[in-house]
Amino acid sequence: MRRPFVPFLFLSVAVAAVLAAACSRPSTPPDILLVTIDTLRADHCSAYGYPIETTPVLAALAAAGTRYSTAYAVSATTAPSHASLMAGSSFRTLGVFKNGQRLPPQAVTVAEVLSASGYATAAFVSSFPVRSRFGFAQGFEFFEDKFTIQNSSVGRRSAPVAHDRFAGSTFAKLQAWLGQRRDTRPLFVWVHFVDPHFPYRAPEKFAARWPAGVAPDVRKYDAEVHYADKQLGRVIEAFDKHAGGGGALVIVTSDHGEGLGDHGWLSHGINLYEEAVRVPLVMRWSGRVDAGKVVTEPVSLIDVAPTILEAARVTQAPPSFEGLSLLGKLDPDRAIFMQRRAYQGKELQDTDVRGEMTALVRGGAKYILAPEENRREFYQLPSDPHEAHNLLAPPAPARDVAAQHGDAQHGDAQPPAQSPAVAAARRHDEELAAWREAHPESAGDDAPLDKEDVRALRSLGYVD
Ligand SMILES: [Zn+2]
């Protein structure tokens, strides 16, 4: 049962105390650039070992900084994931479960804390679900989310109205803004690209030169990734030129991955398999984070906000922040939690999508639970990185039929009694229950949606 929105009622006093402490520090904190490349799954980045060179810029950034090899989104949906990233906490407590819901004004975002700590703040976003009307402008003095049909992959020319924009257009807005800036305050900029998101419409020169022999959808997706990476290079170059002088903290990540058919789904949002939730996370901060280092401890997007605050010398994060600073010591056995929103019951791609799905990863073991879909799945990721062998499902010839549809992991059969996987699953059931209890759901804040808004959500693949 959802509870009224309460976690932030007492935060204003606490945040004021945090900010007073932050503002009293004498030296200048670093300029900070945060880039989220929407729908970028880690294993399709050459910076993460993908055999086609999709992300040379991200690889160069990783060589100059630190790459987190085991980073997870909290959700596989844009708005909840970005809400968790910006507010440093579970979207359950924020009440943002799906696109079209608002990040509530009571939430404390990293941009708000930085702004109150003396930072200039600006954001340049590229897609409908993270527009200012959905609460994502909180804490930003300047927020650029005006899309034009000429620079959009999703929209209606007859209206005309656009629901997203190409990364090159978003970069141009950033470049113009940086060029005219005369502010001497430290700077926090968030840039959001959406290009790898469906529909895959990379500019022709990228799509045309992409290797043949790769499945068409994958080829188009990879071309989008390559295009976004190219624009990422322009963003970092412009930021280093106009702010930070190469000493800025730069963080690049994504809000979720993309199915590409790996478990029967082309897109994202429906499940919590690795391709949907494993994201790249790279941090460059010259002289402060190790160059060329690969961190294998599992981390979550809720860790980004406290990392930024520590870098900005905000000595105490808001009490609503749940993550850990990546600048501190990390625990290899930490549990990372994920969740999919609850569905009332929906037939999608011949599959009944119903109820809530949660998952946790600990020490390389991954457990996925969706009770209303009768799914319990347990994987050992080091030996089974593609989650092909559900250790809670006994081998059964009849399942070959389901396997042909990429759907072999549905946990509707009884697992072998007394197996280690069953014992582990029982423990993870308890952990998930404790996590749910510790993070009570807040009521979602549905923004009023008109016909065009519904069209926008549908055009991006989000249908209720
Ligand atoms: Zn997204």
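Check the entry above for the structure.
These numbers were taken from a predicted model, which means no experiment stands behind them.

Draft legend 1. View of the overall build of the chain. Check the secondary structure of the chain and you find 13 helices and 17 strands. A burial count over the chain gives 59% of its 464 residues as buried. Counting contacts in the chain only where the partners sit at least 6 residues apart, residues at least 24 apart contribute 69% of the total. When the accessible surface of the chain is totalled, it reaches about 18700 Å², and 53% of it is carbon and sulfur.

Draft legend 2. The arrangement of the pairing of strand 17 (residues 375-380) in detail. Inspection of the sheet shows strand 16 (residues 365-370) paired to strand 17 by 6 bridges, in the antiparallel sense. Following the sheet pairing, L369 is matched in strand 17 by R376. Hairpin connection between strand 16 and strand 17: a loop of 4 residues separates the two successive antiparallel strands, and N374 in this loop has a positive phi of roughly 55°.

Draft legend 3. Local environment of the packing of helix 2 (residues 56-64) against helix 8 (residues 216-242). Running from N to C, helix 2 and helix 8 cross one another at 50°; their axes reach a closest spacing of 7 Å. Classified by the angle between their axes, helix 2 and helix 8 sit oblique to one another. Touching P56, V57, L58 and L61 of helix 2 are H226, D229, L232, G233 and I236, all from helix 8. Grouping the amino acids of the contact of helix 2 with helix 8 by side-chain chemistry returns 6 nonpolar, 2 polar and 1 charged.

Draft legend 4. The packing of aromatic side chains, seen in detail. Considering all chains together, one arrives at 13 aromatic pairs under this definition. Ring centres 6.0 Å apart and planes at 50° place the aromatic pair F140 and F143 in the tilted group. Look at F337 and W435: their rings are 5.1 Å apart centre to centre, the planes differ by 5°, and that puts the pair in the stacked class. Here the residue F337 occupies a position in strand 14 (residues 336-348), and W435 occupies one in helix 12 (residues 420-438), the gap between them amounting to 98 residues. For the pair F337 and W435, a shared accessibility class is recorded, and that class is buried. Its end group placed over the ring of W285, R288 keeps NZ or CZ at 4.4 Å from the ring centre. Its end group placed over the ring of Y343, R341 keeps NZ or CZ at 4.2 Å from the ring centre.

Draft legend 5. The nonpolar core, seen in detail. L34, V110, F136, F188, W190 and I308 are the most contacted members of the largest nonpolar core, which has 56 residues in total. When contributions to this core are tallied by element, the ones reaching two or more residues are strand 1 (32-37), helix 3 (78-87), helix 5 (110-116), strand 8 (187-193), strand 9 (249-253), strand 11 (281-284), helix 10 (304-311) and helix 13 (451-459). Shared between two domains, this core takes at least three residues from each, and those domains are domain 1 (13-311) and domain 2 (336-459). Non-local contacts of F136, meaning those with residues more than four positions away in its chain, are made with A79, H82, A83, L103, P129, V130, R131, F143 and W190. Membership of the second largest hydrophobic core comes to 46 residues, among which are V35, Y50, F171 and V218.

Draft legend 6. Examining the sheet that holds strand 8 more closely. If you walk across this open sheet you meet the 8 strands as 5-4-8-1-9-11-2-12, and the pairing is mixed. Only two strands of the sheet have a single partner each, and these edge strands are strand 5 (142-144) and strand 12 (293-295). On average, each strand axis in the sheet is tilted by 10° relative to the strand beside it, whichever way the strands run. Pairing geometry for strand 2 (residues 66-68) and strand 12, over 3 bridges, is parallel. Across the sheet, the residue bridging to R67 is V294, located in strand 12. Of the strands in this sheet, strand 1, strand 8, strand 9 and strand 11 are in contact with helix 8, which crosses strand 1 at around 170°.

Draft legend 7. Spotlight on the pattern of salt bridges. The tally for this structure, following the rule as stated, stands at 22 salt bridges. With a closest N to O distance of 2.7 Å, D262 and R41 form a salt bridge. Here D262, found in the loop between strand 9 and helix 9 (274-277), pairs with R41, found in the loop between strand 1 and helix 2; they are 221 residues apart in sequence, far enough to count as distant. The exposure class of D262 is partly exposed, given its relative accessible area of 37%. A salt bridge links E373 to R375; the nearest nitrogen and oxygen atoms lie 3.3 Å apart. The buried category is assigned to E373, whose relative accessible area is 13%. Where salt bridges share partners, they join R92, E356, R436 and E441 into one cluster.

Draft legend 8. Representation of helix 3 within the structure. Most of helix 3 is tucked away, with 10 of its 10 residues classed as buried. Buried residues in helix 3 make contact with strand 1, helix 4 (91-94), helix 5, strand 8 and helix 10. In the segment just after helix 3, G88 is the residue with positive phi, at about 60°.

Draft legend 9. Structural context of the coordination of the zinc ion. Distances from the zinc ion to its protein donors, D38 (OD), T78 (OG1), D255 (OD) and H256 (NE2), fall within 2.0 to 2.1 Å. Metal-centred angles of 102 to 123° between the 4 donor atoms at the zinc ion mark the site as tetrahedral. One chain supplies every donor for the zinc ion, spaced along it as D-x39-T-x176-D-H. With respect to class, D255 is no different from H256; both count as buried.

Draft legend 10. View of the sheet that holds strand 3 (residues 71-72). Ordered in space as 10-3-13, the 3 strands form an open sheet in which the pairing is mixed. Taken across any chain shown, the strands that pair with only one partner, and hence form the sheet edges, are strand 10 (278-279) and strand 13 (299-300). Direction of pairing for strand 3 relative to strand 10: antiparallel, over a ladder of 2 bridges. Looking at strand 10, one finds that A71 is bridged to V279.

Draft legend 11. Inspection of a positive patch on the surface at higher detail. On the surface, a cluster of positive charge is made up of K205, R209, K230 and R234. Looking at where R209 falls in the secondary structure, it is placed in the loop between helix 7 (204-208) and helix 8.

Scoring rules and cut-offs
Residues numbered from 1 in each chain as written. Predicted model: local features only at pLDDT ≥ 70, side-chain atom pairs only at ≥ 80, totals over all residues. Heavy atoms only, no water. Helix = DSSP H or I, 4+ residues; strand = E, 2+ residues; numbered from the N terminus. Buried < 20%, exposed > 50% of the residue type's maximum accessible area, 1.4 Å probe, protein only. Contact = heavy atoms within 4.5 Å. Areas by Shrake-Rupley, 256 points an atom, 1.4 Å probe, with all protein chains shown as cover. Pairing = 2+ DSSP bridges. Axes fitted to C-alpha atoms, helices over the stretch in contact; angles between N-to-C directions. Parallel < 35°, antiparallel > 145°, perpendicular 65-115°, else oblique. Nonpolar A, V, L, I, M, F, W, Y, C, P; charged D, E, K, R; others polar. Phe/Tyr/Trp six-rings, centres within 6.5 Å; stacked < 30°, edge-to-face > 60°. Lys NZ or Arg CZ within 6 Å of the ring centre and 35° of its normal. Core = buried A, V, L, I, M, F, W, Y, C linked by side-chain atoms within 4.5 Å. Domains from an automatic or database assignment. Salt bridge = Lys/Arg side-chain N within 4 Å of Asp/Glu carboxyl O. Donors = N, O, S within 2.8 Å, 3.2 Å for Na, K, Ca; no water. Tetrahedral: all angles 85-135°; square planar, octahedral: opposite > 155°, others 65-115°. Patch = residues over 30% accessible without salt bridge, like charges linked within 9 Å, V, L, I, M, F, W, Y side chains within 5 Å. Lys, Arg positive; Asp, Glu negative; His and termini not counted. Charge placed at Lys NZ, Arg CZ, Asp CG, Glu CD.

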